[in-house]
Amino acid sequence: MRIGSLDIERPVILAPMEDVTDRSFRKICKRFGADIVYTEFVSAEALRRGVGKSIQKMLFEESERPAVIQIFGNSGEAMAEAAVIAASAKPDYLDINFGCPAKKVAGKGAGAALLREPEKMAAITAAVVKAVSIPVTVKTRIGWDRDSVNILDIIPRLEDAGIAAIAVHGRTRSEMYKGRADWDWIARVKEHAKIPVIANGDIWSPQDALAMFSHTGADGIMIGRGAIGNPFIFRQVKELLQGGAVTTLPDFRDRISVAIEHLSLSVEHKGEKYGTLEMRRHYSTYLKGLPRVSRVRDKLVREEKWQQVIEILRAYEVECEGYEREGKIREYAEFLNDHSKRLVLK
Ligand SMILES: Cc1cc2nc3c(=O)[nH]c(=O)nc-3n(C[C@H](O)[C@H](O)[C@H](O)COP(=O)(O)O)c2cc1C
């Protein structure tokens, strides 16, 4: 897949996720083989006003490259101005969010709301493309609702506006995160688009990743929720794509050790208070499916000192070794395939 000077064959990409894909998590996913990482979305208005938290969100380290900054907004003027600010951080490319279904975004005419205004969507895109010299891409959904699936009408408009690739989450705005992502629509997008297509939605296992490539013919794939608490998925997908079998099945030791690494990076980037606080949402996914975990989780989410958190995790690891000897640890593969326990985050 070629975007500007980037040329990666069948890239496996970490999806942008607010409050999840911060620097610490991106670095972890990168280490496990994510080919491209996206920042959380950043508000164009906030960038324009110089809001410190938003500026922090768009910053990344050289080791994260290829790295992409995603912006959202509801006017060409604000988006063009924000694009220039974001481009000054020198991302490999810039992405526009036209897919967010949340009220705080779509309710203000940004994100997925623009699926109802294809002309405005194209005008905003053209303004952003014109404002910067790096490649610009779009991430969107297939339409507003099932009665107005308009992705095939939107694609040529965005191509004319000059985008370098499009990422499509196979759901409508109304579907939010419900049901199954519609991979047939992504396949249709691939048939019609002249630019590279990145397929997104419901890749929960390395097998799903392979199936997404073959079902849609997409140039790249993007994994969101399936990577939360499970960055190992990137390495596993790579193993399958390279024609082998998945040989790296992380056990509880790997999961606890990566949770600790994640926490340490989080504290390094955000300081003890916020670094520890913001990690709370991740423990349950790292530890999911392990025996008698709820008691440990309760302790973890009350602890404010990061060194104490590490001690709790280490003690739990020792506890798990005991469960292992008793044969009580569920196979990780089984956990991955347990679709009934998928994360529902929004
Ligand atoms: C917690 C959370 C935050 C998200 N934040 C963003 C975001 O900032 N920008 C964006 O384009 N999509 C965002 N998304 C959507 C994901 O990028 C992705 O399109 C969606 O989760 C479907 O992919 P998946 O099934 O692999 O999770 C978010 C999703 C979740 C669950």
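Residues numbered from 1 in each chain as written. Predicted model: local features only at pLDDT ≥ 70, side-chain atom pairs only at ≥ 80, totals over all residues. Heavy atoms only, no water.

Thoughts on the packing of helix 9 (residues 206-216) against helix 10 (residues 232-241)
Axis angle and axis distance: for two packed helices, these are the angle between their axes and the distance between the axes, and together they describe the pair.
Item 1. Remark: helix 9 packs on helix 10, axes separated minimally by 8 Å, with the N-to-C direction vectors making an angle of 55°. The pairing of helix 9 with helix 10 is recorded here as oblique in orientation. The way helix 9 lies across helix 10 gives a crossing that is right-handed. Residues Pro 206, Gln 207, Ala 209, Leu 210 and Phe 213 of helix 9 pack against Ile 233, Gln 236, Val 237, Leu 240 and Leu 241 of helix 10.
Item 2. Partitioning the contact of helix 9 with helix 10 into residue classes produces eight nonpolar, two polar and no charged. (Axes fitted to C-alpha atoms, helices over the stretch in contact; angles between N-to-C directions. Helix = DSSP H or I, 4+ residues; strand = E, 2+ residues; numbered from the N terminus. Parallel < 35°, antiparallel > 145°, perpendicular 65-115°, else oblique. Left-handed = near helix turned anticlockwise from the far one by under 90°. Contact = heavy atoms within 4.5 Å. Nonpolar A, V, L, I, M, F, W, Y, C, P; charged D, E, K, R; others polar.)

What to know about the sheet that holds strand 4 (residues 36-43)
Item 1. Spatially, 3-4-5-6-7-8-9-10 is the arrangement adopted by the eight strands of the closed barrel, whose pairing is parallel. Averaged over all pairs of adjacent strands, the angle between strand axes in this sheet comes to 30°, irrespective of strand direction.
Item 2. Strand direction decides the pairing type here: strand 9 (residues 197-200) and strand 10 (residues 220-223), joined by three bridges, are parallel. What sits directly across from Asn 200, in strand 10, is Met 222.
Item 3. Sitting on the sheet, helix 1 (residues 23-31) touches strand 3 (12-14) and strand 4, and the angle it makes with strand 4 is about 165°. (Pairing = 2+ DSSP bridges.)

As for the nonpolar core
Item 1. Counting residues in hydrophobic clusters, the biggest one holds 90 residues, and the most contacted among them are Leu 14, Ile 71, Leu 94, Ile 166, Ile 221, Phe 234 and Leu 287.
Item 2. Looking at this core, the element that brings in the most residues is helix 11 (residues 252-287), giving 12 residues.
Item 3. Both domains that furnish three or more residues to this core are identified here as domain 1 (2-241) and domain 2 (252-332).
Item 4. Ignoring anything within four residues of it in the chain, the contact list for Ile 71 reads Val 42, Leu 47, Met 79, Ala 82, Ala 83, Ala 86, Leu 94, Asp 95, Ile 96 and Asn 97.
Item 5. Of all hydrophobic cores here, the second largest spans 15 residues; its members include Leu 6, Ile 13, Ala 15 and Tyr 93. (Core = buried A, V, L, I, M, F, W, Y, C linked by side-chain atoms within 4.5 Å. Buried < 20%, exposed > 50% of the residue type's maximum accessible area, 1.4 Å probe, protein only. Domains from an automatic or database assignment.)

Quick word on the UniProt feature "active site" (unreviewed entry) in the protein
Item 1. If you check UniProt for "active site" (unreviewed entry), the listed places come out as Cys 100 in our numbering.
Item 2. Its location among the elements puts Cys 100 in the loop between strand 6 (93-98) and helix 5 (103-106).
Item 3. Filtering out sequence-adjacent residues up to four positions away, Cys 100 remains in contact with Phe 41, Val 105, Ala 106, Gly 111 and Ala 112. (UniProt positions renumbered as here; feature names shortened; annotations may be inferred.)

Examining the packing of aromatic side chains
Item 1. In this structure the tally under the stated criterion is three aromatic pairs.
Item 2. With centroids separated by 5.0 Å and ring planes inclined at 70°, the aromatic side chains of Phe 32 and Phe 232 adopt a geometry described as edge-to-face. Of this pair, Phe 32 sits in the loop between helix 1 and strand 4 while Phe 232 sits in helix 10, and the two are 200 residues apart along the sequence. For the pair Phe 32 and Phe 232, one class covers both residues: buried.
Item 3. When the ring of Tyr 38 is compared with that of Tyr 93, the centres are 6.0 Å apart and the planes differ by 85°; the resulting orientation is edge-to-face. Within this pair, whereas Tyr 38 is found in strand 4, its partner Tyr 93 is found in strand 6, the two being separated by 55 residues in sequence.
Item 4. Among the residues examined, Tyr 38 registers a relative accessible area of 0% and is labelled buried.
Item 5. Above the ring of Tyr 177, the side-chain terminus of Arg 141 is found at 5.2 Å from the ring centroid. (Phe/Tyr/Trp six-rings, centres within 6.5 Å; stacked < 30°, edge-to-face > 60°. Lys NZ or Arg CZ within 6 Å of the ring centre and 35° of its normal.)

Things to note about the site of the ligand
Item 1. The environment of the ligand is formed by 17 residues, the closest being Glu 18, Gln 70, Asn 200, Asp 202 and Arg 225.
Item 2. At 2.7 Å from an oxygen atom of the ligand is found a main-chain nitrogen or oxygen belonging to Asp 202.
Item 3. For the ligand, an oxygen atom lies 2.8 Å from a polar atom in the backbone of Gly 224.
Item 4. For the shell around the ligand, a count of residues per class yields six nonpolar, six polar and five charged. (Near = heavy atom within 4 Å. Polar contact = N/O pair within 3.5 Å; in protein donor to acceptor, adjacent residues only side chain to side chain.)

Details of the pattern of salt bridges
Item 1. Here the structure, examined in full by the defined rule, presents 28 salt bridges.
Item 2. Here Arg 65 makes a salt bridge to Asp 92, at a shortest N to O gap of 2.9 Å. Linking Arg 65 in the loop between helix 3 (52-58) and strand 5 (67-72) with Asp 92 in the loop between helix 4 (76-87) and strand 6, this pair joins segments that are 27 residues apart in sequence.
Item 3. The class for Arg 65 is partly exposed, based on a relative accessible area of 25%.
Item 4. Judged by its relative accessible area of 22%, Asp 92 falls in the partly exposed class.
Item 5. Of the charged contacts, one joins Lys 190 and Asp 219 as a salt bridge, the two residues approaching to 2.9 Å between their closest N and O atoms. Residue Lys 190 is found in helix 8 (residues 183-192), and its partner Asp 219 is found in the loop between helix 9 and strand 10; the two are separated by 29 residues along the sequence.
Item 6. According to the relative accessible area criterion, Lys 190 is partly exposed, its value standing at 24%.
Item 7. A relative accessible area of 22% places Asp 219 in the partly exposed class.
Item 8. Within this structure, Glu 45, Arg 48, Glu 77 and Glu 81 form a network of salt bridges that share partners. (Salt bridge = Lys/Arg side-chain N within 4 Å of Asp/Glu carboxyl O.)

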